[in-house]
Amino acid sequence: MTEITSLSLFELIKSIKEKKISSYEAAKSFVDRSEKSKKLNAYVTENFENCLKISKKFDSNPNFDLKLPGIPIAVKDLFCTNEVRTTAGSNILNNFVPNYESTVTQNIWNEGGILLGKLNCDEFAMGSSNETSFFGNVQNPIAKDLVPGGSSGGSSSALAANLTPVTIGTDTGGSIRQPASFTGTVGLKPTYGSCSRYGIVAFASSLDQAGPMSKDVKDSSILLEVISSFDKKDSTSIDFKRNNYSSELTRNIKGIKIGIPKEYRVDGMSDEIENLWKKGIEYAKDCGAEIIDISLPHTSYALPTYYIVAPAEASSNLARYDGVKYGLRSSGESLIDMYEKTRSEGFGEEVKRRIMIGTYVLSSGYYDAYYLKAQKVRQLIKQDFDQAYNKVDAILTPSTPSSAFKIGEKSNDPVSMYLNDIFTVPVNLAGLPGISIPAGTDKNNYPLGLQIIGKPFDEQTVLNIAYSMEEKINYKNNITDWWME
Amino acid sequence: MDGIMSKNNLEYLIERNDNVYEVVIGLEVHAQVTSNSKLFSSSSTKFGAEPNTQVSLVDAAFPGMLPVINEYCVKQAIKTGIGLNAKINNKSVFDRKNYFYADLPQGYQISQYKYPIVGEGNVILDMPEGQKLVGIERLHLEQDAGKSIHDVDPNNTLVDLNRSGVALMEIVSKPDLRSPDEVNAYIKKLRSIMRYLGTCDGNMQEGSLRADVNVSVRIKGSTDLGTRCEIKNVNSIKFMQMAIIYEANRQVDLIEEGEKIDQETRLFDTKKNETRSMRSKEDAHDYRYFPDPDLLPLEVTDEFIDQLKSEIPELPDDKKKRFIDEFKISPYEATILVSDIDTAKYFEEVVAKMGKNRDMKLAVNWITGELFALLNNKNIEINQSPISAKNLAKLINLIKNGTISGKIAKTIFELMLDGDIDPQIIVEEKGLKQESDPKALETLIDKIINENREKAIEYKQGKEKLFGFFVGQAMKASGGKANPQLINEILKKKL
């Protein structure tokens, strides 16, 4: 029999429902493997003992009607979890234990999921390589000293290394899709307003969105079904009719129109990516989709727009970490001194950089030139997509401009790091659903992903296209367990 | 250095070295919205609770917590806007006003900056010299901050977040006010309107109503505005007036000395009766306002506004007009009676209970005279009056129909206090019915004249002052019950 930890979520649920394995056995397998995988540094906080205890409890009185019956799941450490430390990868929340639960994680526990632990991430989700975490770098299981992507780097690493059957991340500018692409896994960013932001440590409120990360497309559809819900506690949550994504999942995408935006063919794009994209187009055709060339004329403004809007919101969202109420407090001579010391010691370099950028673009005299202009451009980017969707049902692009890079390779060059998000940020700016699926490898055998972008609230089409292409691509990660002790 | 009031006593002018200055005042009033819960959370807003007992995770800005607008507070703001004859905006936007302070948990205050919920309106002031229209610039909704307590712990500042997140309406006037008296009238009128609407209790002691006062001065007749100073967070009308007088004179002195006025924020020191610089324009915060991405723009339909319009009660200006038309009382009397909603209610109830044969003059005099004096004495509000409107109406009717004299009525009024006793019962039990039988009174007066023969002669010889003496004797002999009018008539005849 295949190892429990290499089962897909769908297979794991099936095995538990058919009583082939117990929740405890499942939990024990993931705990044991996680214990042997400390070199990956995927976890910030382990919840192993609790997880085993709860799984036993589940087995004593199992409810197989639940969507995630006794399934152990590790989650990104940006989701507040009741009585379990929540750090957002930051020293300033090093000792923070919430007494409340995020809506998204609560939805998972309500369906029988069990918290396995909290996964490493870039500090306050600001980063593309997990190198900004206060809790250290995370290894990509694909190869030693390779970044797992970011900000949901602990999530992608743990998932690819089979430390958790599925996981959830958050995506502000690509933080689910880029790490999925770097680790040969699937990551879906839903439409803005689909998953509640309540209880998620905020980075940039108008862009943040939680989403599933999984080994295959079907698993993402199962998890999306659980976590997507209308929530009155989040004023930006949207009350739309949500599908039963997993049961409505189909590989029949005949006649679906897929757009190929010419502006995504950026300068200096490697042949590998170019070829991957071409291959993707052929796969889509094979699946019965109609390919249509489209234009998204304002694409080149997306990255600069993002790097104004996101830091602006972040600079304000992070003002609450001031040492007064919770989290780290450094001692100071006066209130101002205390603020300065707490925030100097509590925040890392990248977070400070973005707070400064954000503060600057909102300052009087600069607001109109930067923030206001960026908001206008954001509208234009949205309109680009609206117009494209008059012609097509979805859009196919590469997920990232390159494969995973070495730890330390880009950490001193923020701009080159920011360029990682070039294909993913327009989707956040427009609030659209987007998925990254593994589609091939580069010359080093590192995974590469393709991105499918959908219409607002049309996660089903995105999932169906991905599901259909996944079968044709038939990608398999080649992971050697090199890190295991 | 007090201001010198000009001769006509209606304007507040400051004279220095042949220059006459007028004061230009604009107010930013912060009025706490009457609501059981806060603007963006369900925490209670009850005044006087133990520190930090009315604080939700949202109020304390815990990670991942999000604001959710309280619809009731939105309705209250719109109602207030309607009461200020103002334009209600179908779309308004909540912004973040960013600054660090220990009692500001989010590190920003959620307020409305560019797009307030209420636009331009006006308020009518009833001044002795006539009515004055004061323009309203805007009204917007915002969160209150918590409270920093500096004087409990010698080494630390303590923070109470009970007030954090409580809904405030900031009502910004145009710079239309010209004197401390107008400021007094403006605040009172604003308070009155909001109390009629039930949108703010106007309790200044509890901090439900406070104001930032913008003051500038200019040569009388000039149309340019001078450089203004903003006096922050003044919490009583008296202090506002004192602060304005001090500040206006300070500015005039500076100008007269040839110096420039710096635009700055100042504090009023109530103990020293002076304003002090808090921060200059250069040090002014850059609040980095931007639309709060946690909240969608606030949209209200015309139907929603119309529904609220239909719920608006009769407001002081309309009530005043009706009182004048319907009850034939003077504008002055009407102004007094409508100024407070509870007074107006009391008055209307007295009028209703007086029935057909009502005497408005008596009603007005008794309420603004005896009753106000009583309430003032006991330092209570009219809704706590120990004498109900019903029983005061009865008392007035007893005077009107001649059962008792006004003088006896005052005695009865005192007796009624002890448990809101029906005056009719007091009259009967104490035998205080007025003696109006002419024969009985004649007998009584005959007796008095007989007993005071010499004085009666002196009176007849022209010492008219003595008439009062005889009236007094007659009243005394009757135990105060004699009908004073009859006594007068009979005495005139007999003497």
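Residues numbered from 1 in each chain as written. Chains lettered and ligands numbered in written order. Predicted model: local features only at pLDDT ≥ 70, side-chain atom pairs only at ≥ 80, totals over all residues.

## A closer look at the overall build of chain B
And then number 1: In terms of helices and strands, chain B carries 15 helices and 16 strands.
And then number 2: For chain B, whose C-alpha radius of gyration is 29 Å, the value lies well above the compact-globule estimate of 23 Å for 495 residues.
And then number 3: Per-residue burial over chain B gives 40% buried out of 495 residues. (Helix = DSSP H or I, 4+ residues; strand = E, 2+ residues; numbered from the N terminus. Rg over C-alpha atoms; globule rule 2.2 N^0.38 Å. Buried ≥ 20, exposed ≤ 12 C-beta atoms within 10 Å, placed from the backbone.)

## Observations regarding the sheet that holds strand β11 (residues 447-454) of chain A
All names here are of chain A.
And then number 1: Spatially, the 11 strands line up as an open sheet ordered β1-β3-β2-β4-β6-β5-β10-β11-β9-β7-β8, and their pairing is mixed. With partners counted over all chains shown, the strands left at the sheet margins are β1 (43-46) and β8 (290-294), one partner each. Mean inter-strand twist for the sheet, computed between neighbouring axes without regard to direction, equals 30°.
And then number 2: Helix α3 (residues 48-60) contacts β1, β2 (72-76) and β3 (114-119) of the sheet and is inclined by roughly 165° relative to β3. (Pairing = 2+ DSSP bridges. Axes fitted to C-alpha atoms, helices over the stretch in contact; angles between N-to-C directions. Contact = placed C-beta atoms within 7 Å.)

## Description of the pairing of strand β7 (residues 257-261) of chain A
All names here are of chain A.
And then number 1: Bridging between β7 and β8 involves five bridges; their strand directions are parallel. Across the sheet, Ile260 pairs through a bridge with Asp293, a residue of β8.
And then number 2: With helix α8 (residues 271-286) bridging β7 and the parallel β8, this β-α-β connection has right-handed handedness.
And then number 3: Relative to strand β9 (residues 394-398), β7 is paired through two bridges, and the arrangement is parallel. Residue pairing in the sheet places Gly259 in a bridge with Ile395 of β9. (Right-handed = clockwise from strand over helix to strand, strands pointing away.)

## Here's the deal with the packing of helix α12 (residues 438-451) of chain B against helix α14 (residues 466-477) of chain B
Residues and elements named next belong to chain B.
And then number 1: Interaxial distance between α12 and α14 falls to 10 Å at its minimum, and their mutual angle equals 125°. Classified by the angle between their axes, α12 and α14 sit oblique to one another. Viewed along their axes, α12 and α14 form a crossing whose handedness is right-handed. Along the contact surface, α12 presents Leu444, Ile445 and Ile448, while α14 presents Phe470, Gln473, Ala474 and Ala477.
And then number 2: Looking at the contact of α12 with α14 residue by residue, the classes come out as six nonpolar, one polar and no charged. (Parallel < 35°, antiparallel > 145°, perpendicular 65-115°, else oblique. Left-handed = near helix turned anticlockwise from the far one by under 90°. Nonpolar A, V, L, I, M, F, W, Y, C, P; charged D, E, K, R; others polar.)

## Side note on the packing of helix α9 (residues 302-317) of chain A against helix α11 (residues 349-362) of chain A
Residues and elements named next belong to chain A.
And then number 1: Between α9 and α11, whose axes approach to 7 Å, the crossing angle comes to 100°. If you check the angle between α9 and α11, you find them roughly perpendicular. Between α9 and α11, the contacting residues are Ile308, Pro311, Ala312, Ala314 and Ser315 on the first element and Arg354, Ile355, Ile357, Gly358, Thr359, Val361 and Leu362 on the second.
And then number 2: Its residues assigned to classes, the contact of α9 with α11 comprises eight nonpolar, three polar and one charged.

## Examining the sheet that holds strand β15 (residues 290-291) of chain B
All names here are of chain B.
And then number 1: On the basis of which strands lie adjacent, the open sheet formed by three strands has the order β5-β4-β15 and antiparallel pairing. The open sheet has two edge strands, β5 (108-111) and β15, and neither has a second partner.
And then number 2: Of the strand pairs in this sheet, strand β4 (residues 95-98) and β15 are connected by two bridges, and their pairing is antiparallel. Pairing of Asp95 across the sheet is with Pro291, part of β15.

## A word on the domain arrangement of chain B
And then number 1: Split by domain assignment, chain B resolves into domain 1 (13-308), domain 2 (314-430) and domain 3 (438-494).
And then number 2: Measuring from the centre of the C-alpha atoms in domain 1 of chain B to the corresponding centre in domain 3 of chain B gives 64 Å. (Domains from an automatic or database assignment.)

## So, the nonpolar core
Most often, soluble globular proteins have nonpolar side chains that are buried together.
And then number 1: Formed by 248 residues in total, the largest nonpolar core has its most connected members in Ala466(A), Ala77(B), Tyr186(B), Val213(B), Ile244(B) and Val350(B).
And then number 2: Counting contributing residues, this core receives three or more from each of domain 1 (13-308) and domain 2 (314-430) of chain B.
And then number 3: Setting aside residues no more than four positions away along its own chain, Val213(B) makes contact with Ile25(B), Leu27(B), Ile231(B), Val234(B), Met240(B), Ala243(B) and Ile244(B). (Core = buried A, V, L, I, M, F, W, Y, C linked by C-beta atoms within 7 Å.)

## Notes on the interface of chain A and chain B
And then number 1: With 34 residues of chain A at the interface, the matching set in chain B holds 25 residues.
And then number 2: Put simply, the parts of the chain that give the side of chain A that touches chain B at least two residues each are α9, α10 (335-346) and α11 of chain A.
And then number 3: When residues of the side of chain A that touches chain B are assigned to their parent elements, the largest contribution, three residues, is made by α9(A).
And then number 4: Looking at the side of chain A that touches chain B residue by residue, the class counts come to 16 nonpolar, 10 polar and eight charged.

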